[in-house]
Amino acid sequence: MNTAENLDHRTPVAELVETKGHAGSEWLARYSSSLMGVFGTPQRVLVRGAGCLVWDADGKEYLDLLGGIAVNALGHANPFVTSVISSQLATLGHVSNFFTSPTQIALAEKLLALTGAPDGSKVFFTNSGTEANEAAFKLARRNTGGSGTKRTRIIALEGAFHGRTMGALALTAKEAYRTPFEPLPGGVVHIPFGDVEALKDAIDETVAAVFLEPIQGEAGVRPLPPGYLQAARELTARVGALLILDEVQTGIGRTGKWLASEDSGIRPDAVTLAKGLGGGFPIGALVTFGDATSSLLAAGQHGTTFGGNPVATAAALATLHAIESQDVLANVARVGEHLRSALAAIPGVTEVRGEGLLIGFDLEADVAPAVVQAGLDAGFIVNSPGPRTIRLAPPLVLTTAQADTFLDAFPAILQAAKDAQ
Ligand SMILES: *Cc1c(COP(=O)(O)O)cnc(C)c1O
């Protein structure tokens, strides 16, 4: 039943876009003559998904171990999320932020509850991760540490990825992403990753904020060393700088907890969320903790047309409900642990990092891009954030049996990748 052909002529969308009988190669030719080349050539043309599986235009099946880059928290085409989105869209789809809607308010309350936010904490909704970080950047620009004197410096880390719009790009470290677009919003400095002494040296009363990812995803799944978040909390508090955590990739159950920073025992001043929040539907959020932080952005100082619309907030409510009611966080911890310990035992794997179902592992040679290709040939979607690093960020509902099919296949995939070099 789960073939690509079944998609066609069964859904209204097939009346708009005829997919039956068109090969992937044909779509890719049309893609390259109509879409901007910023992503390179897409690896496959995908036409359908169900749970942790997807199918391409040529009918080939894949186990999706990337989950749309940590987005499809409940897998593809989750029936509950789909029905909630559909019913909200059929009731009220968009209202603008001159108005509000019950789903928007309920989701804000839910996020505050899940993050253990104190009184006075608030939420601002966006459509993406980079927009959540833009809002956080503007929040930082308003922070004077109580002094009333403007602060312009912001500290981020080497290896940081915070998004591609100009403010978030200023926070992002990678030169290849930044340089063509300079000048970027000023004042951001990047200091060595995970180095408390470097943070001590860089921080003073001119710093408005410190931006950190608890685990750097794009840098190859690199967790901050133990104690770093606590040190950053102490140092930022001492000078009146905001501690802002980018949990766009690590939040919403990805590490087996609602927030990856949960166990650190510290409370940041703000957290940004996106990727997994809508279960595949675009939505992001800036959550500010406490009155002092929440009031930094005053009426009229920020806005969005689409952000927090009824459909996106309904999708997120459905996703959070499903994660809670189906005990998904326990599954993340269990299957993640299983994958990490099994991967560590595979010859050719030199290091395994990460938490829950955000996993990075290194190979003994620079074959990671070839592993991605060999994985696709074998029916597995994985990602290579570096020349010898593979990242897995599958749906949070991945089963142990599904994980085992990948573990069983991996030695042959690695060999095929080496042979292809
Ligand atoms: C993906 C990501 C972003 C950017 O999110 P977009 O939705 O692509 O704009 C920001 N920060 C982190 C940590 C991310 O992983």
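Rules behind the numbers
Residues numbered from 1 in each chain as written. Predicted model: local features only at pLDDT ≥ 70, side-chain atom pairs only at ≥ 80, totals over all residues. Heavy atoms only, no water. Near = heavy atom within 4 Å. Polar contact = N/O pair within 3.5 Å; in protein donor to acceptor, adjacent residues only side chain to side chain. Areas by Shrake-Rupley, 256 points an atom, 1.4 Å probe, with all protein chains shown as cover. Helix = DSSP H or I, 4+ residues; strand = E, 2+ residues; numbered from the N terminus. Pairing = 2+ DSSP bridges. Axes fitted to C-alpha atoms, helices over the stretch in contact; angles between N-to-C directions. Contact = heavy atoms within 4.5 Å. Parallel < 35°, antiparallel > 145°, perpendicular 65-115°, else oblique. Left-handed = near helix turned anticlockwise from the far one by under 90°. Nonpolar A, V, L, I, M, F, W, Y, C, P; charged D, E, K, R; others polar.

(A) Representation of the site of the ligand. Residues in close proximity to the ligand include S128, G129, T130, N133, F161, H162, G163, E213, D246, V248, Q249 and K275, which together make up its full environment. Note that a nitrogen atom of the ligand is positioned 3.3 Å from one of the backbone N or O atoms of F161. D246 places a polar side-chain atom, nitrogen or oxygen, 2.7 Å from a nitrogen atom of the ligand. Coverage of the ligand by the protein chains reaches 81% of its 380 Å² of free accessible surface. When residues in the shell around the ligand are grouped by element, the largest group, three residues, is from helix α6 (residues 129-141).

(B) Structural detail: the sheet that holds strand β10 (residues 242-246). Ordered by their spatial adjacency, seven strands build an open sheet running β4-β12-β11-β10-β7-β5-β6, and the pairing between neighbours is mixed. Looking at the sheet topology across the chains shown, the edges are occupied by β4 (122-126) and β6 (188-191). Taking each pair of neighbouring strands and ignoring which way they run, the sheet shows an average axis angle of 20°. Sitting on the sheet, helix α5 (residues 102-114) touches β4, β11 (270-273) and β12 (284-288), and the angle it makes with β4 is about 120°. Packing against the sheet, helix α10 (residues 228-239) makes contact with β5 (153-157), β6, β7 (207-212) and β10, and its axis sits at approximately 150° to β10.

(C) A look at the pairing of strand β16 (residues 383-386). Bridging between β16 and strand β17 (residues 389-392) involves two bridges; their strand directions are antiparallel. Looking across to β17, one finds that N383 is bridged to R391. Hairpin connection between β16 and β17: a loop of two residues separates the two successive antiparallel strands.

(D) Focus on the packing of helix α13 (residues 328-344) against helix α15 (residues 400-420). The contact between α13 and α15 brings their axes to 10 Å, and the two run at 20°. Our classification of the angle between α13 and α15 gives roughly parallel. Regarding α13 and α15, the two cross each other, and that crossing is right-handed. Touching V335, H338, L339, A342 and L343 of α13 are T400, A403, D404, F406 and L407, all from α15. Considered class by class, the residues forming the contact of α13 with α15 number seven nonpolar, two polar and one charged.

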